[in-house]
Amino acid sequence: MAFVLGAHFSLMTCKVAKNTHDDAAYIRRAVDLSEKSAGFTSPHPNFGCVIATSTGKVAGEGYLYAQGTKPAEVLAVESGGERCRGATAYLNLEPGDCHGDHTAVSALVQAGITRAVVGIRHPLQHLRGKAVCALRSQGLQVDVLGEDLQSKVMEEARKSCLIVNAPLIHRACSRVPFSVLKYAMTLDGKIAASSGHASWISSKMSRNRVFELRGRSDAIIVGGNTVRKDNPRLTARHGGGHMPMRIVLSQTMNLPEEANLWDVSEASTIVVTQRGARRNFQKYLASKGVEVVELDILNSRDVMEYFHDRGYLSILWECGGTLAASAISSGVIHKVFAFVAPKIIGGKNAPTPVGELGMVQMSQALDLIDVCYEQIGPDMLISGFLQPVPDLMPVIPSEDETFAIDPTVTPYESSIISFYKTWDPYGAFSNFSPHPIQMPDSNDNYVTWSSVEHYYQAQKFAGVNDPAAQDCVEKIKAMRSPEEAARVGRSMQRQHPDLVRSDWESMKIDVMYRALKCKFSIYPHLNSMLLSTAGSVLVEASPHDLFWGGGREGEGLNYLGRLLIQLRSEFLVQQLIKVHNLCYITLLSENYLLLSFGIISGAAG
Ligand SMILES: NC(=O)C1=CN([C@@H]2O[C@H](COP(=O)(O)OP(=O)(O)OC[C@H]3O[C@@H](n4cnc5c(N)ncnc54)[C@H](OP(=O)(O)O)[C@@H]3O)[C@@H](O)[C@H]2O)C=CC1
Ligand SMILES: Nc1c(N[C@@H]2O[C@H](COP(=O)(O)O)[C@@H](O)[C@H]2O)[nH]c(=O)[nH]c1=O
């Protein structure tokens, strides 16, 4: 008997140990998958999903390609089909809910998944714990790494989940984008010769890697002096795909009249400066299509908070040592990429990667964490974190926990509801949300568009009697994500204004209205979500789109928010007709609110 028990025990131990390794391996596979769109699309939460059968075979997998495309979990169950029944789903990140109806959770449940292993809980407060809870309530066994599964190997797998979504986690915890400082230096620690000449220190192979890093970033930042000395382009020459914003920080605005960065045909540029600096030069830049932003005082933290509010997740700093020192001192740099070239340039006054930090003892030096060394051609790339990726477990309470801590907080307490990125609360109101719509074409045949954004962008060129305009429509329609549809639509409009329909300016509000009406009519849960906001003003919190968005300080026209409010009123009237006693009061208060904000009279018709 003792022998039998012993055998049973050792078998069990083996099984647990094997599963632990499998679980960790599949989570790592989900992590690798989740990164696959890096460089093609703008940074977004990285989701990967791997479905494995009980015999350890991969049944299906998927990853989120871009904001507003099919969730990783949906793609994985689609590819797995019947093999998903009784299988385990491995998710590097707890699912979000850009659809507003728990699409990812439903997909896993309907596919017959019986167990889910989750790398980390979602870092954003309004999503944290929601999907884990929903899956458990549907009877799935859900194991969260670090909570339900604890071992060294699990800890390593969990760490890879934290790292792959470091930008999102930093954004959630510190309300600044994830910032990487990158520089190329000689073996004697110089980033330029004493003359300021710096092209090139690192090899072509290293510089190609930089293009890739740029493609994974929302924006590249340099200081005014780098513009004056290098006249950089700061583009991601990686063969198409996402092009980051170029940002110049300049206190003096003492910038050249001619510079590569003022050519905005390939990529956009923002110059951030101090209030009042060289206003005439600001106007000059604006006339070239460069956006100028004035802040009260130009310090790195304020700049990062500003770009956080613009929805940025990830920023690459390619500045010189003066600005780098200021950014490190402000605590906004999270990671460093140093390309070290086997060259010596010398020069007592040649610039170095990081200027004055005020440290006097070597014991004060900042130690990098999780350092990696990689040889790239003749150069060495040394990378590491200056600040660890915050461990979410004790830091961010879930939405429910917040209410428990502070019962006065409710999601509906404010009379203004803002929305912008699809992963934020009310993200399903965004035109980038993953909701296909059906709209009639010129022959009244219904055509499916992947998102409101696809439809809106394509309508700029619809009905124009030129095959090139028709090509634009088809190209936009075929785009894989709303972001790419917007990118193509905007660049075509900029480059070929002759292909844009002549009545576009007067028709665009109507086009948007019809698209939104379709979206909020055909998805009942979106309709309910919209109606649930009755009494609140809806604002698209886009700080730079001053027509559709509300602007940073409320200076935008907020036409997207207005149209949604208008639609909400129309839906409420329809409801009123059905059950008029119930809704009469709601409608009255709604109209009172709209009137008091001047929205009824100002709304587009
Ligand atoms: N090898 C490499 O990887 C790189 C090398 N370089 C080299 O470095 C040299 C330039 O270095 P450096 O002058 O340090 O670089 P930067 O121009 O990148 O940074 C300094 C400038 O940033 C602006 N700035 C805005 N806000 C601040 C702030 N809060 N604190 C400090 N500066 C701020 C100022 O512009 P303003 O004066 O307009 O107000 C300031 O002159 C050049 O020779 C260039 O070739 C540069 C980048 C990378
Ligand atoms: N000199 C140097 C770098 N310098 C950085 O690259 C910028 C120029 O970019 P671009 O004009 O787009 O090619 C320059 O202003 C500075 O920020 N980078 C590197 O990887 N290696 C190098 O040796």
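By the naming in an unreviewed UniProt entry, the chain goes by Riboflavin biosynthesis protein PYRR, chloroplastic and is assigned to Acer negundo. Annotation of the chain in UniProt includes, under Sequence similarities (unreviewed entry), the sentence "In the C-terminal section; belongs to the YbiA family." UniProt lists a comment for the chain under the heading Pathway (unreviewed entry), and it reads "Cofactor biosynthesis; riboflavin biosynthesis; 5-amino-6-(D-ribitylamino)uracil from GTP: step 3/4."

A.B. asks: I keep staring at the overall build of the chain and nothing clicks. Help me out?
C.D. replies: Broken down by element type, the chain carries 21 helices and 18 strands. Counting every position in the chain, which comprises 605 residues, the buried fraction comes to 53%. Contacts in the chain between residues at least 24 apart in sequence constitute 70% of all its contacts with a sequence separation of at least 6. Element-wise, carbon and sulfur atoms account for 55% of the exposed surface of the chain, whose accessible area totals about 27700 Å².

A.B. asks: Can you help me understand the pairing of strand β7 (residues 219-223) in this one?
C.D. replies: Consecutive side chains along a regular strand alternate between the two faces of the sheet. Among the five residues of β7, five are classified as buried, and the element is accordingly described as predominantly covered. Burial along β7 is two-sided: A219, I221 and G223 and I220 and V222, pointing in opposite directions, are all buried. As paired strands, β7 and strand β8 (residues 245-249) are joined by five bridges and run parallel to one another. Bridged to I220 within β8 is R246. For the handedness criterion, the β-α-β arrangement of β7, helix α8 (residues 224-230) and β8 is classed as right-handed. Bridge count for β7 against strand β11 (residues 314-317) is three bridges, and the pairing is parallel. Bridge pairing links I220 to L316 in β11.

A.B. asks: Looking at this structure, how should I read the site of ligand 1?
C.D. replies: Lining the immediate surroundings of ligand 1 are 26 residues, of which T226, D230, S250, Q251 and T322 lie closest. A distance of 2.6 Å is found between an oxygen atom of ligand 1 and a side-chain nitrogen or oxygen belonging to D230. L298 is positioned with one of its backbone polar atoms (N or O) 3.2 Å from a nitrogen atom of ligand 1. Alone, ligand 1 offers 920 Å² of accessible surface; in the complex the protein occludes 89% of this. A total of six residues in the shell around ligand 1 trace back to one element, the largest contributor, which is α8. Tallied by class, residues from the shell around ligand 1 come to 10 nonpolar, 12 polar and four charged.

A.B. asks: Any chance you could explain helix α4 (residues 130-137) here in plain terms?
C.D. replies: One turn of an α-helix holds 3.6 residues; hence residues three or four places apart share an orientation. Every buried residue belonging to α4 is among A131, V132 and L135, and all of these are buried. An end-on view of α4 places all buried positions within 105° of arc, on one side of the element. In this structure, the buried side of α4 is in contact with α3 (103-110), β4 (115-120) and β5 (141-144). Taken from the residues just after α4, G139 is the one with a positive phi, measuring 90°.

A.B. asks: I'm lost on the site of ligand 2 in this one. Help?
C.D. replies: Neighbouring ligand 2 are 17 residues, the closest being K182, I201, S202, R237 and E318. Within the backbone of R233, a nitrogen or oxygen atom sits 2.8 Å from an oxygen atom of ligand 2. With respect to ligand 2, the backbone of L234 contributes an N or O atom lying 2.8 Å from an oxygen atom. Elements with a minimum of two residues in the shell around ligand 2: β6 (178-186), α7 (204-215) and α8. The biggest single contributor to the shell around ligand 2 is α7, with three residues. Here the residues of the shell around ligand 2 sort into seven nonpolar, three polar and seven charged.

A.B. asks: Honestly, the side chain of S179 in this entry has me stumped. Any pointers?
C.D. replies: Note that S179 resides in strand β6. On the basis of relative accessibility, which here comes to 0%, the residue S179 falls in the buried class. In this view, S179 contacts M304, I315, W317, V332, I333, H334 and K335; residues no more than four positions away in its chain are not counted.

A.B. asks: What's the story with the sheet that holds strand β3 (residues 88-93) in this structure? I'm lost.
C.D. replies: By definition, the strands of a sheet pair up through backbone hydrogen bonds, in either a parallel or an antiparallel sense. With respect to topology, five strands assemble into an open sheet ordered β2-β1-β3-β4-β5, the strand pairing being mixed. For this open sheet the edge positions go to β2 (58-63) and β5, each flanked by a neighbour on one side alone. Pairs of neighbouring strands in the sheet enclose a mean axial angle of 15°, with direction left out of account. Note: β3 against β4, five bridges, orientation parallel. Within the sheet, the bridge partner assigned to L91 lies in β4 and is V118.

A.B. asks: Would you take a moment to explain the environment of G384 for this structure?
C.D. replies: Looking at the element boundaries, G384 is found in strand β14 (residues 379-385). Residue class for G384 comes out buried when judged on its relative accessible area of 0%. Sequence separation between G384 and Y373 is 11 residues, and the spatial gap between their C-alpha atoms is 9.0 Å. In contact with G384, other than residues within four places in its own chain, are K335, V336, L368, I369, D370 and V371.

What counts and how
- Residues numbered from 1 in each chain as written.
- Chains lettered and ligands numbered in written order.
- Predicted model: local features only at pLDDT ≥ 70, side-chain atom pairs only at ≥ 80, totals over all residues.
- Heavy atoms only, no water.
- UniProt positions renumbered as here; feature names shortened; annotations may be inferred.
- Helix = DSSP H or I, 4+ residues; strand = E, 2+ residues; numbered from the N terminus.
- Buried < 20%, exposed > 50% of the residue type's maximum accessible area, 1.4 Å probe, protein only.
- Contact = heavy atoms within 4.5 Å.
- Areas by Shrake-Rupley, 256 points an atom, 1.4 Å probe, with all protein chains shown as cover.
- Pairing = 2+ DSSP bridges.
- Right-handed = clockwise from strand over helix to strand, strands pointing away.
- Near = heavy atom within 4 Å.
- Polar contact = N/O pair within 3.5 Å; in protein donor to acceptor, adjacent residues only side chain to side chain.
- Nonpolar A, V, L, I, M, F, W, Y, C, P; charged D, E, K, R; others polar.
- Arc of directions from axis to C-beta.
- Axes fitted to C-alpha atoms, helices over the stretch in contact; angles between N-to-C directions.

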